[in-house]
Amino acid sequence: MDTPNVFELARLQELQSYKIFDTPPEADFDRLTRLAARTCATPVATIIFGDEQRPWSKSLVGLDLREAARAAAFCTHANGHAQPCIVPDTQKDPLFANHPLVLDKPGLRFYAGMPLISPRGFGLGTLAVMDLVPRTLTDEQLEALETLAEQVMAQLELRRQRHILADMMAAQDQMHSKLRHQTENLEEVQRIGHIGTWELRVQENRLLWSDEIYRIFGIEREGFQENFESFMSFVHPDDRAQRLAEQARVLQGQGPLNIQHRIIRRDGQVRYVQELAELVEDEIDHTLILAGTVQDITMHKQDEDELRRLATRLTTTLESITDGFYILDREWRFTYLNHEAERLLQRTQTDLIGKVLWDEFKEAVNQDFYREYHRAVTENCKVSFEEFFPPLNKWFAVSAYPSSAGLAVHFQDISAQRAAQDQLKLLETCVARLNDIVLITEAEPFDEPGPRIVFVNDAFERRTGYSREEVIGKTPRILQGPKTQRIELDRIRTALQKWEPVRTELINYKKNGEEFWLELDLVPVADATGWFTHWVAIERDITQRKVAEEEIKRLAFFDQLTRLPNRRLLLNRLKQTMAANARNKRQGALLFIDLDNFKTLNDTLGHDKGDQLLQQVAGRLTQCAREIDTVARLGGDEFVVMLVDLNENLQEAVKEAQIVGERILESFKQPYQLHNHEYQSTPSVGITLFSDYRDTLDELLKRADLAMYQAKAAGRNTLRFFDPDMQLAVSVRVSLEEELQRGLRDKEFSLYYQVQVDSAGNATGAEALVRWQHPHRGLVSPVEFIALAEETGLIIPLGHWVLETACAQLVDWAAQPEMAHLSLAVNVSARQFRHPEFVYQVLDVLQQTGADPLKLKLELTESLLLDNVEDTIAKMGALKAKGVGFSLDDFGTGYSSLSYLKRLPLDLLKIDKSFVKDVLTNPNDAAIARTIVALGQSLGLAVIAEGVETEAQHEFLAGHDCHAYQGYLFSKPLPLDQFKVFVLSRK
């Protein structure tokens, strides 16, 4: 790995001091990003910090959150530079032309990045705007973007100072005595950050100031009386009442002080300060101290005001671009029209320049038009009015300004707005009369308390009991209650953050506390610029439907006597559990419970007593199971308990199932009270374990039933597992796992190497294959232990050992001229690749061994493509940037998506040996092999065939442009010394 230079280390240290990485979004940065997008009229804007190793998107506007990582990489080119980076057309720029955000959606074509420069002159990141079309920025927009970048750094610097201040206050109790010995350092920090500190000893009413407060107030320490009255004398008279009220609140124990107000310095200057204070106890004499800070934030306030003025000026300029504009001279003749005026009036400059206004329009407008124009000239004032122009069937908003040259006129076509107003009135009337609830909120904020309600219709008032006045300005949380589904609220929140519509069913509450069900459709609404402004919710009361559904569900899926799930619901949940087990590699268990001698109870005491017993048994079984498990009644005296999410280790799962079974036996020891009759009942319990779809549902129930009969045959009131050999199988597996752990500890593993050759038969590299030299069983095939290593997690240390050994071997070969050209392929398991530290582990091994990353090829399987594709691409890209190559092993046997395949930074496709084996006899295998070669060529990837065993297979593959091979035709996997002899023999 390259060692960073001194400047880069200093820059990274400066960047880390701001603590910006891995922090949540912040409103101050989001406001600046949105203002940048609006100012530059772009749909996308972002704030990025970092470098090539660690970019971080602090704020993102206009892109889906899933694009944040790629947007960060997009800005990497501009990070760390002191000059703006402007790319008018990304497709024509070699740095950006092949970037995914250019090639794929959304297809960004324009990029402008303004560097974020720290006070020490380091480039820490970029404020960037992007557009979907080629373009550039005006000088005013560039100036505004630069100003916004300065505001980002000002906000960042203020944020750092606040963090420093917060850290100081949090540590004040414990570090009080030490701080007395660090006064000089503290004074320097205060001077740099314009932060002064003070302490008010409450019992003594004595106030102590730091030197920086004197500098902030513009006074000298000598001869000045430090007390609270002196302090308050500098507070602006209009702000003193609020300042005193805030301090009184803190002294009453109602939280810390945090206030911004004005002060008047001794020289008359008005400055803005921010005060933070907290009530603490002196750890020495235990007296109360109000400890606080004062920070001069005048420059920050001025920057905010200047930014608002700049935004207003830019907004006005941009809006004026779309206005019609013409100028009349003193004789009412046209002297100038802009292009928009020509378009709106449907007349050209040639038609109108030099013509008198009245000659053109006197038949088209009313007398108000003339009167307002004359008033503007005679009274030398601006006039504004709306006018309908019959020849064009349009409404115009007109503003006229008198000047020395005549009369300047701005006008806009407001026909659409007038029509929209009419439509809006009609829409409001219709919405108000809908039976469905209509609720409209602001688009933001997403955080607490959430978007505020701005509109509800009559149906909302009728169905909820709330009036408009009670909910306008509040959030929809006013309708939530104890049973409102948190999972659905989280789903709504996710949709809000992605600006996506969402449909759900939700429990809400009326004003009187009554619970009711709503079917909710929530959609975002954008303005003409594409900026999302509101959320519209359409809600239908489905309470009656839900009540009916619950009753139907109860009748269809629950036993009427015990209220437990019946056989149908049990089988449905069992099917779902088996599917979940297949994904999560977990175990489950069925416990079949039959009551001993239940028929005798019915025959002697009657069926009503039997029913009472069944109901009480249902209660005890439910108490023995977990909330996630299922207790069901199949019928008669037969019950089933389904245990889910047991340990993936079979032996541990058996123990967990046995514990529950013994708990059931123990619960039956207490007698049952059947009215006035005490009755003792015992169960027979049969247990079978299951994992995925290897057995049908009926087979599992039969196995549990058979195990139950084994328990009855053993004397009743006991439990039995279906398979007596299960413990033996578990023992064998546990023994192999222990031996595998010992083998790793005792270094019983070694690497074998199978050569890879080109079309001329020359050795180009090898695949590293792990072998286990067992002290008693001899050489153990990977088939016997790799799956167990994956299952137990031992594949992580085993894979790391393989990687270290392979890289060390590459270093050894690099020192041998006859072997230095060889590359080495290492298989990486899915579990190993998914490890969060995988990328860092590979880079660390390369650095520790000194291996050339260009010689290392990592072989991945298609199973990696089935889940979390974006994470796979990111990890591969990080290693690819360091030179590590990738091949897709067993290609063609899985379910690769070509859309994903073309995004992966692959170098090589491997034709699986299952296709090569029958390539001469099976037309389908031959077609697949040819297709893989053609696909590799179209994607610019090399192709190698594995499992080549005959010359005929070799010739077929070579005849279809496959020129790299691996298999027994050339060599079987060999230990290191034999492999070297083999390579040298082919020279």
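Notes on the structure in this doc start here.

Further remarks concern the pairing of strand S13 (residues 383-389). Burial along S13 is one-sided: the residues Val383, Phe385, Glu387 and Phe389 are buried and none of Ser384, Glu386 and Phe388 is. Sheet topology note: the S13/strand S14 (residues 394-403) ladder contains seven bridges and is antiparallel. Within S14, the residue paired with Phe385 across the bridge is Val398. Between S13 and S14, which pair antiparallel in sequence order, lie four residues; one of them, Asn393, sits at a positive phi of approximately 55°.

Relative to the assigned elements, Thr718 resides in the loop between helix H25 (697-713) and strand S27 (719-721). Reaching out from Thr718, the side chain makes a polar contact with the side chain of Arg720 at a distance of 3.5 Å. Contact partners of Thr718, with chain neighbours within four places excluded, come to Leu665, Pro683, Ser684, Val685 and Ala711.

Tallied over the entire structure, the rule returns 51 salt bridges. Note that Lys875 is salt-bridged to Asp871, the shortest N-O span being 3.6 Å. Of this pair, Lys875 and Asp871 are both found in helix H31 (residues 869-880), four residues apart, which corresponds to roughly one turn of the helix. In the salt-bridge network here, residues are joined through shared partners; they are Asp436, Arg503, Glu505, Glu519, Asp521, Arg540 and Arg545.

A cluster of acidic side chains, namely Asp139, Glu143, Glu146 and Glu150, defines a negative patch on the protein surface. With relative accessibility at 66%, the residue Asp139 sits in the exposed group.

Of all hydrophobic cores here, the largest spans 76 residues; its most connected members are Leu856, Leu858, Leu879, Leu906, Ile911 and Phe979. In terms of residue count, the dominant contributor to this core is helix H28 (residues 795-814) (eight residues). Setting aside its immediate chain neighbours within four residues, Phe979 contacts Tyr753, Gln754, Val755, Gly765, Ala766, Trp813, Met819, Leu822 and Leu974. The next biggest cluster of nonpolar side chains, apart from the first, holds 34 residues, and it includes Leu595, Leu621, Ala657 and Leu674.

Our next topic: the sheet that holds strand S23 (residues 638-646). Backbone hydrogen bonds are what pair the strands of a sheet, in a parallel or an antiparallel way. In space, the five strands of this open sheet follow the order S22-S23-S21-S26-S27, with mixed pairing throughout. With partners counted over all chains shown, the strands left at the sheet margins are strand S22 (630-635) and S27, one partner each. In this sheet, adjacent strand axes meet at a mean angle of 20° when their direction is disregarded. Those strands touched by H25 are strand S21 (587-595), S23, strand S26 (683-690) and S27, and its axis lies near 140° from that of S26.

Another aspect to go through is the layout of surface pockets. Estimates place the volume of the second largest pocket at around 1,100 Å³. As for the second largest pocket, its lining consists of 39 residues, and the residues nearest its centre are Glu767, Leu769, Arg771, Pro782 and Asn827. Of all elements in the fold, only strand S28 (749-758), strand S29 (763-774), strand S30 (778-780), helix H27 (782-792), H28, strand S32 (856-861), strand S33 (885-891) and helix H33 (913-917) reach the threshold of two or more residues within the lining of the second largest pocket. Ranked by residue count, the leading element in the lining of the second largest pocket is S29, at five residues. Along the lines of polarity and charge, the residues of the lining of the second largest pocket split into 15 nonpolar, 12 polar and 12 charged.

Okay, the pairing of strand S1 (residues 44-49) next. With six of six residues buried, S1 lies mostly within the body of the structure. Judged by which residues are buried, S1 turns out to be covered on both faces: Val44, Thr46 and Ile48 on one side and Ala45, Ile47 and Phe49 on the other are all buried. Pairing analysis gives five bridges linking S1 to strand S2 (residues 56-61), with the strands arranged antiparallel. The residue of S2 that forms the bridge with Ile47 is Ser59.

Before going further, it helps to spend a moment on the sheet that holds S13. The five strands are arranged S12-S11-S15-S14-S13 in an open sheet whose pairing can be described as antiparallel. A single partner strand is all that each edge strand has here, and the edge strands are strand S12 (334-337) and S13. Neighbour-to-neighbour, the strand axes of this sheet turn through a mean angle of 25°, independent of strand direction.

Turning to unusual backbone geometry, a few remarks are in order. In this structure, Lys747 takes a positive phi of about 55° despite not being glycine. Relative to the helices and strands, Lys747 is located in the loop between helix H26 (726-745) and S28. When its relative accessible area of 72% is taken as the criterion, Lys747 is described as exposed. Residues other than glycine seldom take positive phi values, yet Asp961 does so here, at roughly 70°. By the secondary structure assignment, Asp961 is in the loop between helix H35 (951-959) and strand S36 (964-966). Overall, Asp961 belongs to the partly exposed group, its relative accessible area being 45%.

An ideal rise of 1.5 Å per residue puts 16 Å on 12 residues; H31 measures up with 16 Å between its terminal C-alpha atoms. Among all positions in H31, only Val869, Thr872, Ile873, Lys875, Met876 and Leu879 are buried. On an axial view of H31, the arc spanned by its buried residues comes to 165°, and they lie on one face.

For the pair helix H30 (residues 838-849) and H31, the least separation of the axes is 10 Å and the interaxial angle reads 15°. It follows from the interaxial angle that H30 and H31 lie roughly parallel. Crossing handedness for the pair H30 and H31: right-handed. Here H30 contributes Phe838, Val839, Val842 and Leu843 to the contact with H31, which in turn contributes Lys875, Ala878 and Leu879.

Moving on: a nonpolar patch on the surface. Together, Val202, Leu251 and Leu288 give the surface a local cluster of nonpolar side chains, amounting to about 200 Å² of exposed area. Along the chain, the position of Leu288 falls in strand S10 (residues 288-296). Residue class for Leu288 comes out partly exposed when judged on its relative accessible area of 34%.

Cut-off values and rules
- Residues numbered from 1 in each chain as written.
- Predicted model: local features only at pLDDT ≥ 70, side-chain atom pairs only at ≥ 80, totals over all residues.
- Heavy atoms only, no water.
- Buried < 20%, exposed > 50% of the residue type's maximum accessible area, 1.4 Å probe, protein only.
- Helix = DSSP H or I, 4+ residues; strand = E, 2+ residues; numbered from the N terminus.
- Pairing = 2+ DSSP bridges.
- Polar contact = N/O pair within 3.5 Å; in protein donor to acceptor, adjacent residues only side chain to side chain.
- Contact = heavy atoms within 4.5 Å.
- Salt bridge = Lys/Arg side-chain N within 4 Å of Asp/Glu carboxyl O.
- Patch = residues over 30% accessible without salt bridge, like charges linked within 9 Å, V, L, I, M, F, W, Y side chains within 5 Å.
- Areas by Shrake-Rupley, 256 points an atom, 1.4 Å probe, with all protein chains shown as cover.
- Lys, Arg positive; Asp, Glu negative; His and termini not counted.
- Charge placed at Lys NZ, Arg CZ, Asp CG, Glu CD.
- Core = buried A, V, L, I, M, F, W, Y, C linked by side-chain atoms within 4.5 Å.
- Axes fitted to C-alpha atoms, helices over the stretch in contact; angles between N-to-C directions.
- 1 Å grid on protein atoms, 1.4 Å probe; cavity = no way out; pocket = protein on both sides within 12 Å on 5 of 7 lines; lining within 4 Å.
- Points joined across faces, edges and corners; volume = space filled by probe spheres on them.
- Nonpolar A, V, L, I, M, F, W, Y, C, P; charged D, E, K, R; others polar.
- Expected span 1.5 Å × (residues − 1).
- Arc of directions from axis to C-beta.
- Parallel < 35°, antiparallel > 145°, perpendicular 65-115°, else oblique.
- Left-handed = near helix turned anticlockwise from the far one by under 90°.

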